[in-house]
Amino acid sequence: MPTENAKKTIWLRLHIDLPLFIGLLVLMCLGLVVQYSASGENLQVVLKQMVHLGIATSGMLFLAQISPMNYRRWSVHFFIVGVGLLVAVLLVGHVGKGAQRWLNLGVIRFQPSEVMKLVVPMTIAWYLSRYHMPPKFKHIVIGFALVLVPTLLIAKQPDLGTSILIASSGFFAIFLSGMSWPLLFSMAAMAPVAGWILWSFYMHEYQKQRVLTFLNPETDPLGSGYHIIQSKIAIGSGGLQGKGWLHGTQSQLEFIPERHTDFIFSVFSEEFGLLGVVVLLSIYLFIIARGLFIAVKAQETYGKLLGGAIIMTFFVYIFVNIGMVSGLLPVVGVPLPMVSYGGTSMVTLMAGFGVLMSIGTHKRLLAHGG
Amino acid sequence: MSYTQITIHDHTSESNLFARRAFFAFLFVVLLMLVLLTNLYHLQVSRHEMYQTRSNDNRISVRPIAPNRGLIFDRNGVLLAENRPTFSLEVVPEKTGNLAPMLSRLAEVINLSVEQQEKFIDGAKRQRRFKSLTLKDNLDEAEVAKFSVHQHRFPGVSIEARLTRFYPYGEALTHTLGYVGKINKKELKAIDADGSSANYAATYDIGKLGLERKYETELHGKVGYREVEINSRGRILRTLKIEPPVPGNDLILSLDIDLQKTAQQALAGERGAIVAIAPSTGEVLAMYSNPSYDPNLFVHGISSKDYRPLIQSLDRPLINRTTQGRYPPASTVKPLMALLGLESGLVSEHTKIHDPGFFQIPNVKRKYRDWKKWGHGSVDLAKSVYQSCDIYYYDLSYRLGIDKISDFMTQFGFGEKTGIDIYEETDAIMPSRGWKRAQHNQPWYAGDTISVGIGQGYWTVTPMQLAFSTATLVNKGQIHPPHLVTRQKRPLALESPDTEEALTSAGFEYIDTLDPDLPPIVLKDEANWQIILNAMHETVYNPRGTAHKVFKGAEYDAAAKTGTAQVIGIAEDETYDEKSISERHRDNAMFIGYAPFDKPEIVVAIAVENGGHGGETAGPVARKILDKYFSNKEKYIANAN
């Protein structure tokens, strides 16, 4: 098929999916613009974030060069090492911001839970792609068990945000593999029961208090409800058109907490309004659509499941972050992908896109009747 | 082969299955994004206005600016109450970090007792976040300088300058000006109740006594506002709008500080009171009560160490004797009694009585004695005044009866507040049948009238009442109630103020205190006024007059009446120290006088407690006042308009 080969563009040779890459670049630029405002016009912060973006993009390009076959081969090994590291973190990890997340490896400090965001979907994809789709009940159970182990280890650190992301990455891999609808619905039906059991028998008083504060932040306006109230005021006061770039009073006067990291969406929607939000969500939707398209077009089941899980996890980031800053979900500490300040999450996210691009660009011809 | 085929077949169906699932996943994404958007629409569009308001409430803080309190001047423009900058140490606890160690470090720089530190930490817990709290008041210059050097070590601690009241003449004017002090709980309640709490938002002090209390509303002024933008830590970033405060009215008094100081000196070492008023207007030229105390002690909150002697002293310095001291008027009422005698037709100018030294009510054994044991012999009206003959008035009052006396004297203001513009004033007592029935549940006896006839018994007056009644007498019935404030200087608020400085260029308007224009006392025979005034004149110029010695060599022509009262004590609950009994049971010396005789400009009334004879103790005090007045009288006239 020489014509096919000729059509191989320069981007394909570089293993870059151009639409996805352009979408990400637009998002990054937008992120830097908001970052400048959220940091109080601090150019240093913007420059640092650009360095993060550079490193993350390099990482993405590097991972895109590796064939999905190799990821598949090493998945289970990654998983075993990853779980081992998570246990190590709980035993000897460094405490940062009240939670044990870091392993000090001499030169760099290292967060095993971040790596697990990729390793868990890889492992599930590897496990389920060994069998025919749709998976049998037994395989689904084992799949969920594989997800549950790292999720619980991370929740114990405690890092609720990351454990949610990891759980959903595994869940989406299983869902996409064709888990039966009746099973899905019965699990969904069991969730409220599980919630009630958790509330009545397992939750501490302070945890219940947190949930109550989340349900009605105005009851504790000076305590933990303060952040969410200020964030809602920022978003609400932005209105349709926003207060204008650098003119958000809630953000510029520092009423918004964590305004250049987890709460950057509040800054964005205060300054750019609902119209800006629609634009931002459209870009996200485009990236997600492109990611799903890549997964659908993937030749191997492993690639399909892994690609789909990665892009759906990306969406979970968006949904949880926007949901929490706008008062729909409790505050769990999930960044707004590509926009929030921070190197670690950026590298993890772009690594995921690297793997996705690898899936999209490494194609073999199938042997028809070979 | 077959294996491959199966694989291919499976691959297609698996692809289709995955594509379906991916489609569902995409639908799921779109659905949840719509949920997010719906919620955001709700926040940003439906409830936008509410959040807009809350956002503004967050960032905009309205800070009140205290108006400058009006100043008080004497009649010649001498400043009697001023505002001076004082320095206080202010702390915002949220900005200092841990309070206790900070305070103990601060105590190395500024004198701070452990008690003060604990009290502050305790108080800080109950305050709103980011509110500035006063740690120490009234820092001296050395403390300010010392703290300024170390300020960088204490974030969240700063020195604030504000204006506080200062009374340069101290004790001389305490009872008249009063003083301001920190607003207490009760006053705060009153402020809230009358709806002026907004106006007091930035005010620390309030008038507690005297003119400061009476004219609180006028002196206070109108609060101003500064609308500022603040960040989440309460730091002011910029001013958005200013509405400057309007200072309070300045008060211009009729008092003359020189005459006041003369009064203070004249009473040095005595307990007593001096009132000097201009009879033609009612303007109070001087009013002084001794002993006095330093009003500046009260401005920053008086310590119990300073306060205890003031409340425990037998001399009762806290009482304003000019308006709260109740003294038997004694013989100083004889001119008015004589006037009533003429009016009622019971005596004429030439009626003479014989004074054997005592008086008896018909058919009653008891003898009412004259102060002169052997009597004055033959006594006419003039002599009864200048010699102060008691028998003449025993007889006269017995014949008049209490009802006539009481009615007549009430017209001259006895038994009623004069209405002078301070709150600290008593009615004193003008006795009557009704009063005795109400007060003692007893009928009025003829003997009661005899005592009242010589200004004793139940009758008590304040020096202010005495001066007021004398003024009415020398005015021949024209009534001009005494007052202190003659005019107020009111700053005009600017129409569209731009800066705080601009206020100084705003204009003023003057508000004059109006004479109430009361109907005069009309006699059946207006010539009777002059008969009485002549008798008072004779008290001074007749060599046998009781005030003759007092005005010897004076460059002005005075008229007067002396009085010597048996002591009843100025307060109900006074307890006498064993040693001081004798001294405190000495007679009170009373004195009224005026000058010049033909065209009266100044009336004085004086009470000296336990001073003995009125002519001998109170007289010289009056002389000093009048001498001072006439040594420099141009300034009283020049400023009279």
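Everything quoted here is computed from the prediction, not taken from an experiment.

> Give me the overall build of chain A: which residues, what numbers.
Check the secondary structure of chain A and you find 15 helices and three strands. Sorting the 370 residues of chain A into buried and exposed places 49% on the buried side. Contacts in chain A between residues far apart in sequence, at least 24 positions, make up 71% of those at least 6 positions apart.

> Outline the overall build of chain B, supporting the account with residue identities and numerical values.
A count of helical and extended segments in chain B gives 25 helices and 21 strands. Within chain B, residue pairs in contact and separated by at least 24 positions form 74% of the contacts whose partners lie at least 6 positions apart.

> Explain the sheet that holds strand E12 (residues 283–290) of chain B residue by residue, including any values.
Residue and element names in this part refer to chain B. If you trace the five strands from one edge of the open sheet to the other, you get E12-E11-E21-E20-E19, paired in antiparallel fashion. Edge strands, defined here as strands with exactly one partner in the open sheet, are E12 and strand E19 (559–565). Shown here is a sheet whose adjacent strand axes are inclined to one another by a mean of 5°, direction ignored. Bridge count for strand E11 (residues 272–278) against E12 is seven bridges, and the pairing is antiparallel. Across the sheet, residue Gly 272 finds its bridge partner in E12, namely Asn 290. Lying on the sheet, helix H11 (residues 257–266) is in contact with E11 and E12; it crosses E12 at an angle near 30°.

> Pulling in residues and values, what's your account of the pairing of strand E20 (residues 588–595) of chain B?
All names here are of chain B. Here E20 lies mainly inside the structure; eight of its eight residues are buried. Judged by which residues are buried, E20 turns out to be covered on both faces: Asn 588, Met 590, Ile 592 and Tyr 594 on one side and Ala 589, Phe 591, Gly 593 and Ala 595 on the other are all buried. Here E19 runs beside E20; their pairing, made up of seven bridges, is antiparallel. Across the sheet, the residue bridging to Thr 562 is Phe 591, located in E20. For E20 and strand E21 (residues 602–608), the ladder comprises seven bridges, and the chain directions are antiparallel. What sits directly across from Tyr 594, in E21, is Val 603.

> Pulling in residues and values, what's your account of the confidence of the model for chain B?
Residues and elements named next belong to chain B. In the predicted model, chain B carries a mean pLDDT of 86, and 91% of its residues have values of at least 70. Within the model, the stretch residues 1–9 combines pLDDT values under 50 with zero contacts to residues more than four positions away or in other chains. A low-confidence stretch, residues 568–579 (pLDDT under 50), is modelled with ten contacts involving residues beyond four sequence positions or located in other chains. Across the whole predicted complex the pTM is 0.70, and at the interface the ipTM reaches 0.92.

> Describe the packing of helix H6 (residues 112–129) of chain A against helix H7 (residues 137–155) of chain A, naming the residues involved and giving the relevant values.
All names here are of chain A. Two elements in contact, H6 and H7, have axes whose closest approach is 10 Å; the angle formed by their N-to-C orientations is 170°. In this view, H6 runs roughly antiparallel relative to H7, as classed from their interaxial angle. Facing H6, whose interface residues are Ser 113, Met 116, Val 120, Thr 123, Ile 124, Tyr 127 and Leu 128, H7 presents His 139, Gly 143, Leu 146, Val 147, Pro 150 and Ile 154. Of the residues assigned to the contact of H6 with H7, the class counts are nine nonpolar, four polar and no charged.

> With reference to specific residues and values, describe the environment of B:Ala276.
All names here are of chain B. With respect to the element layout, Ala 276 can be found in strand E11. Taking the C-alpha atoms as reference, Ala 276 lies 4.4 Å from Val 604; in sequence the two are 328 residues apart. Each residue touching Ala 276, except ones within four places of it in the same chain, is listed here: Leu 259, Leu 285, Ala 286, Ile 602, Val 604 and Ile 625.

> Tell me about the confidence of the model for chain A, residues and numbers included.
For chain A, per-residue confidence averages 86 on the pLDDT scale, and residues scoring 70 or more make up 88% of the total. Highest mean pLDDT in chain A belongs to helix H13 (residues 264–297) of chain A (96); lowest belongs to helix H1 (residues 2–7) of chain A (51).

> Residue-level account of the interface of chain A and chain B, with values.
In this complex, chain A contributes 41 residues to the contact, which on the side of chain B involves 31 residues. If you list the elements that add at least two residues to the side of chain A that touches chain B, you get helix H8 (160–176), helix H11 (225–238), helix H12 (249–252), H13 and helix H14 (301–325) of chain A. Sorting elements by how many residues they give to the side of chain A that touches chain B places H13(A) first, with eleven residues. Across the side of chain A that touches chain B, the residue classes tally to 24 nonpolar, 14 polar and three charged.

> Give me the lowdown on the nonpolar core, citing residues and values where you can.
B:Ile274, B:Val275, B:Val604, B:Ile606 and B:Ile625 are the most contacted members of the largest nonpolar core, which has 116 residues in total. Counting residues in hydrophobic clusters, the runner-up holds 104 residues, among them A:Ile164, A:Ile294, A:Val296 and A:Leu349.

> Could you give me a rundown of the sheet that holds strand E8 (residues 224–230) of chain B, with the residues and numbers involved?
Residue and element names in this part refer to chain B. With antiparallel pairing, the three strands of this open sheet are ordered in space as E1-E8-E9. Looking along the sheet, the strands with just one partner apiece sit at the ends: strand E1 (60–65) and strand E9 (236–243). The mean angle between the axes of side-by-side strands here comes to 30°, regardless of whether they run parallel or antiparallel. As defined by bridge partners, E1 adjoins E8 across six bridges and the pair is classed as antiparallel. Bridge assignment links Ile 60 to a residue of E8, and that residue is Glu 229.

Definitions and cut-offs
Residues numbered from 1 in each chain as written. Chains lettered and ligands numbered in written order. Predicted model: local features only at pLDDT ≥ 70, side-chain atom pairs only at ≥ 80, totals over all residues. Helix = DSSP H or I, 4+ residues; strand = E, 2+ residues; numbered from the N terminus. Buried ≥ 20, exposed ≤ 12 C-beta atoms within 10 Å, placed from the backbone. Contact = placed C-beta atoms within 7 Å. Pairing = 2+ DSSP bridges. Axes fitted to C-alpha atoms, helices over the stretch in contact; angles between N-to-C directions. pLDDT = per-residue confidence, 0-100. Parallel < 35°, antiparallel > 145°, perpendicular 65-115°, else oblique. Nonpolar A, V, L, I, M, F, W, Y, C, P; charged D, E, K, R; others polar. Core = buried A, V, L, I, M, F, W, Y, C linked by C-beta atoms within 7 Å.

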